[in-house]
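Read off the chains here:
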Amino acid sequence: MADHAHSAQGAGETRRDFLYLMSASAAAFGAATVVWPFISSMNPSGDVLALSSIEVDISGVQVGQAITVKWRGKPVFIRRRTPEEIAEARKADPEVDAKGNVISNPAGLRDPQTDASRVKKPEWLILVGVCTHLGCVPLGQKSSDPRGEFGGWYCPCHGSQYDTSGRIRKGPAPLDLAVPDYVFEKDTVVKIG
Amino acid sequence: MAVVFKNPVIRWIDHRLPVFTYLQHEANDYPTPKNLSYWWNFGSIAGFMLVVMIATGIFLAMQYTPHVDLAFNSVERIMRDVNYGWLLRYIHMNGASMFFIAVYIHIFRGIYYGSYKAPRELLWIIGVAILLLMMATAFMGYVLPWGQMSFWGATVITNLFSAFPVVGSKIVTLLWGGFAVDNPTLNRFYALHYLLPFVILGVVVIHVLALHRFGSNNPTGIDMKGPQDSIPFHPYYTVKDLYGLGVFMLFYAFWVFYAPVALGDPDNFIPANPLSTPPEIVPEWYFLPYYAILRSIPNKLVGVLAMFSSIMVLFILPWLDRSPVRSGTFRPAFKRFFWTLVFVCAILMFCGKYPPANYWLPLEFTVVTPDSLQAAAHLQSADDLWAISFAGGHFGIQIITLGQIAAIYYFAFFLVILPLLSIFERTLPLPLSISQSVLPKGGGAVPSAAAAKPMEKA
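On a predicted model such as this, the values are computed, not experimentally measured, just so you know. (Residues numbered from 1 in each chain as written. Chains lettered and ligands numbered in written order. Predicted model: local features only at pLDDT ≥ 70, side-chain atom pairs only at ≥ 80, totals over all residues. Heavy atoms only, no water.)

**Examining the overall build of chain B**
No. 1: Looking only at helices and strands, chain B has 19 helices and six strands in total.
No. 2: If one aligns the C-alpha atoms of chain B with their principal axes, the spans along those axes are about 80 × 55 × 45 Å.
No. 3: Counting only residues that meet the buried cut, chain B has 48% of its 458 residues in that class.
No. 4: A fraction of 77% describes how many contacts in chain B between residues 6 or more apart in sequence connect residues 24 or more apart.
No. 5: About 22900 Å² of surface is accessible on chain B, with carbon and sulfur atoms providing 71% of the total.
No. 6: For chain B, the distance from the average site of its 27 positive side-chain charges to the average site of its 22 negative ones is 14 Å. (Helix = DSSP H or I, 4+ residues; strand = E, 2+ residues; numbered from the N terminus. Buried < 20%, exposed > 50% of the residue type's maximum accessible area, 1.4 Å probe, protein only. Contact = heavy atoms within 4.5 Å. Areas by Shrake-Rupley, 256 points an atom, 1.4 Å probe, with all protein chains shown as cover. Lys, Arg positive; Asp, Glu negative; His and termini not counted. Charge placed at Lys NZ, Arg CZ, Asp CG, Glu CD.)

**Some words on the pairing of strand 2 (residues 66–71) of chain A**
Residue and element names in this part refer to chain A.
No. 1: In terms of strand pairing, strand 2 meets strand 3 (residues 74–80) through six bridges, oriented antiparallel. When the sheet's bridge partners are listed, Val-69 is paired in strand 3 with Val-76.
No. 2: A loop of two residues connects strand 2 with strand 3, the two strands running antiparallel in sequence, and Arg-72 in this loop sits at a positive phi of about 50°. (Pairing = 2+ DSSP bridges.)

**Describing a nonpolar patch on the surface**
All names here are of chain B.
No. 1: A cluster of nonpolar side chains, Ile-316, Trp-319, Leu-415, Val-416, Leu-420, Ile-423 and Phe-424, forms an exposed patch at the surface whose accessible area comes to about 730 Å².
No. 2: Sorting elements by how many residues they give to the nonpolar patch places helix 16 (residues 399–424) first, with five residues.
No. 3: Structurally, the position occupied by Val-416 is in helix 16. (Patch = residues over 30% accessible without salt bridge, like charges linked within 9 Å, V, L, I, M, F, W, Y side chains within 5 Å. Salt bridge = Lys/Arg side-chain N within 4 Å of Asp/Glu carboxyl O.)

**Regarding the packing of helix 4 (residues 71–80) of chain B against helix 5 (residues 85–112) of chain B**
Packed helices, taken two at a time, are described by the angle between their axes plus the distance between the axes.
Residues and elements named next belong to chain B.
No. 1: Where helix 4 meets helix 5, the closest approach of the two axes is 5 Å, and the angle between their N-to-C directions is 115°. When the axis of helix 4 is compared with that of helix 5, the two are roughly perpendicular. Residues Val-75, Ile-78 and Met-79 of helix 4 touch helix 5, and the partners they reach there are Gly-85, Trp-86, Arg-89 and Tyr-90.
No. 2: Residues belonging to the contact of helix 4 with helix 5 are distributed by class as follows: five nonpolar, one polar and one charged. (Axes fitted to C-alpha atoms, helices over the stretch in contact; angles between N-to-C directions. Parallel < 35°, antiparallel > 145°, perpendicular 65-115°, else oblique. Nonpolar A, V, L, I, M, F, W, Y, C, P; charged D, E, K, R; others polar.)

**Considerations on the side chain of A:Arg81**
All names here are of chain A.
No. 1: For Arg-81, the location among the structural elements is in the loop between strand 3 and helix 4 (83–91).
No. 2: Judged by relative accessible area, which is 1%, Arg-81 ranks as buried.
No. 3: A polar contact is formed between the side chain of Arg-81 and the backbone oxygen of Pro-122, at a distance of 2.9 Å.
No. 4: Residues in contact with Arg-81, not counting those within four places in the same chain, are Val-63, Ile-86, Ala-89, Asp-115, Val-119, Pro-122, Glu-123, Leu-125, Thr-164 and Ser-165. (Polar contact = N/O pair within 3.5 Å; in protein donor to acceptor, adjacent residues only side chain to side chain.)

**Comments concerning the pairing of strand 7 (residues 151–154) of chain A**
Along any regular strand, the residues point their side chains to alternate faces of the sheet.
Residues and elements named next belong to chain A.
No. 1: For strand 7 and strand 8 (residues 161–163), the ladder comprises three bridges, and the chain directions are antiparallel. Pairing of Trp-153 across the sheet is with Tyr-162, part of strand 8.
No. 2: Where strand 7 folds back onto strand 8 in an antiparallel hairpin, the turn is made up of six residues, including Gly-159, whose phi is positive at roughly 75°.

**Some points on the interface of chain B and chain A**
No. 1: Taken together, the twelve residues of chain B in the interface contact twelve residues of chain A.
No. 2: Considering only the side of chain B, the residues that lose the most area to chain A are B:Phe59, B:Asn83 and B:Tyr84, jointly responsible for 46% of the buried surface there.
No. 3: Summed over the shared surface of chain B and chain A, the number is one salt bridge.
No. 4: Between A:Asp47 and B:Arg77 there is a salt bridge, with its nearest N and O atoms 2.6 Å apart.
No. 5: Taken together, the links from chain B to chain A amount to six residue pairs in polar contact (both at pLDDT 80 or more).
No. 6: Taken together, the elements giving at least two residues each to the side of chain B that touches chain A come down to helix 3 (42–61) and helix 5 of chain B. (Buried area = accessible area lost by both parts, 1.4 Å probe.)

**A closer look at the packing of helix 8 (residues 168–176) of chain B against helix 9 (residues 183–214) of chain B**
Residue and element names in this part refer to chain B.
No. 1: Closest axis-to-axis distance for the helix 8/helix 9 pair is 7 Å, and the angle between their directions is 75°. Our classification of the angle between helix 8 and helix 9 gives roughly perpendicular. Judged by residue contacts, Leu-174, Leu-175 and Trp-176 of helix 8 engage Pro-184, Thr-185 and Arg-188 from helix 9.
No. 2: Partitioned by chemical class, the residues of the contact of helix 8 with helix 9 number four nonpolar, one polar and one charged.

**Considering helix 4 of chain A**
It helps to recall that an α-helix has 3.6 residues per turn; residues three or four apart then point in one direction.
Residue and element names in this part refer to chain A.
No. 1: Every buried residue of helix 4 is listed here: Glu-85, Ile-86 and Ala-89. One face of helix 4 carries all of its buried residues, which in axial projection span an arc of 100°. The exposed set on the far side of helix 4, more than 90 degrees from its buried face, consists of Pro-83, Glu-84 and Lys-91.
No. 2: Here the buried face of helix 4 lies against strand 3. (Arc of directions from axis to C-beta.)

**Side note on the state of the cysteines**
All names here are of chain A.
No. 1: One pass over the full model with this rule turns up one disulfide over all chains.
No. 2: Paired through a disulfide, Cys-136 and Cys-157 show a sulfur-sulfur distance of 2.0 Å. Sign of the S-S torsion, about -95° for the bond between Cys-136 and Cys-157, identifies this disulfide as left-handed. Placement of the pair is Cys-136 in the loop between strand 6 (124–128) and strand 7 and Cys-157 in the loop between strand 7 and strand 8, with a sequence separation of 21 residues.
No. 3: Judged by relative accessible area, which is 36%, Cys-157 ranks as partly exposed. (Disulfide = S-S within 2.5 Å.)

**Describing the confidence of the model for chain B**
Residue and element names in this part refer to chain B.
No. 1: Scored by pLDDT, chain B has a mean of 92; 95% of the residues are at 70 or more.
No. 2: Overall, residues 446–454 carries pLDDT values under 50, and its contacts beyond four positions in sequence, including any with other chains, amount to eleven contacts.
No. 3: Interface confidence for the predicted complex, given as ipTM, is 0.82, next to a pTM of 0.88. (pLDDT = per-residue confidence, 0-100.)

**Points about the nonpolar core**
No. 1: Counting 111 residues, the largest nonpolar core has B:Phe100, B:Ile111, B:Leu131, B:Trp146, B:Tyr410, B:Phe413 and B:Phe414 as its most contacted members.
No. 2: At 14 residues, the largest contribution of residues to this core is made by helix 5 of chain B.
No. 3: Apart from residues lying up to four places away in sequence, B:Tyr410 is in contact with B:Ile293, B:Ser310, B:Val313, B:Leu341, B:Val344, B:Cys345 and B:Leu348.
No. 4: Counting 14 residues, the second-largest nonpolar core is a separate cluster that includes A:Val56, A:Val76, A:Val128 and A:Phe184. (Core = buried A, V, L, I, M, F, W, Y, C linked by side-chain atoms within 4.5 Å.)

See the structure below:
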């Protein structure tokens, strides 16, 4: 009890430790509030975020052709598939229940999704053309490009192969090519983003 | 005395690279006069401002585009779209002014207390070099937003060099990289504006190395004569510097948050137009005194030389003032001339702000054009006005005349008054030691015999 009274009078170390702790906390808090705007300034700015959707006229694309458009600085693949390509994609579909949970996966897809869940109109396949491995743009948009064993896309960087639904079938990429948000504003105009 | 560190990792590193020993000596134990006043805070404040300017500048450079067609809009984008871009830019813009405030106070403190005298001449000269580098950096930074003042400021300042005979126009063309201030000029100014702060940082390191050779001067201007005159830098002056820095940052924050564009010029919100000069070209406040000196001499070359000389004279200051007494505290005549110099610099700043033909009416606290003074005084022509005028009951003095008087005093202070004072001034008796000057009865802890012969104590 006597010790306690002694330290409370100010000569003890508890009081000084407390002051150090409070000063250091205040300094750390101040430093964090200063650092925040610096770091934040490196995030996308208002004008960058505002440029987030585009409209594409697809009236000129024939069956079997594909076009590439730029959206948010990245390529978007718009491919008008042939009936054979659609059939081939559907052949590899996993079996899913009503909620979309995978029941069986006979084709052994790495990232199992049904072709129907990846398109709004079966003829039009719209994908973000960025390989999910390390961000290269896969080949396969032109008929002269290599398309890999599954007739979709082939990434020249590390050999990932995608099928006619844009699903990863072989190679190092972990995920299927991403499907962006889009709507058909008319039969011939699609709005991406 | 070797330092023993408890932490084995620090001990391992320090044995091979004695950086911790160095810090212990130069930032921790570093014996510092125990009587430093708050005027000694401004060196560390200036150092802090340099760090702030480099930090904000690097992040602004990530968003800025150095091209005549894009620069102005990229700055507006920083203000409107970039997250906290407005904050970074206002910290940087006003930071330039705060940096100059700190440095100018630092310089005037050095002059008042004779901090340039032996053995600190080189320390002083390196400091003047830092001032020159700062001026170049600030000027080129002001060009980057590519507003009207940026462009015409760049045009006027680069044209200063055209005053030199023979090589003048060649130098100007070289600075521009073209026939006028244009895209190549903007590009090189940007490159140099990024480079020079790091050059300043390097020179500041040399400045501090030179400082630590003999340590800080102090308000008495007498040397430390032993341990009783000094205290360790840490924690005494780290805490004092931090406290002063906190007060200074309140002042700084006032400008950033409550008056962010008050120190700037409205014309710089207009994109640069090489075909039309704004009606009045005015530099930033920290360049106004030099601008006033330039304009007070009605000859191009002499005006330019006078302006450059106003800084150059500082380089030879240690040899102009031969008085053996450092501190102005013990120099009654010097003290008066010094404060007159401070006042004269304020007058020069005032003169730089207004067109030279205008009249200052001190009794009416206003500056008027010759035409309006003529009209108020019912005179027939502006020729009836004299440089110092009593027209129609208005007592006025033309800005250029006021600037000339102030410029003459500025140079006279360094080139005439200081050398004469060194000979004729009767200085006051100096205290025996720093300790004696600050402690009652020469310091209770120091025996009177030791205080009388402080060197023996040491």
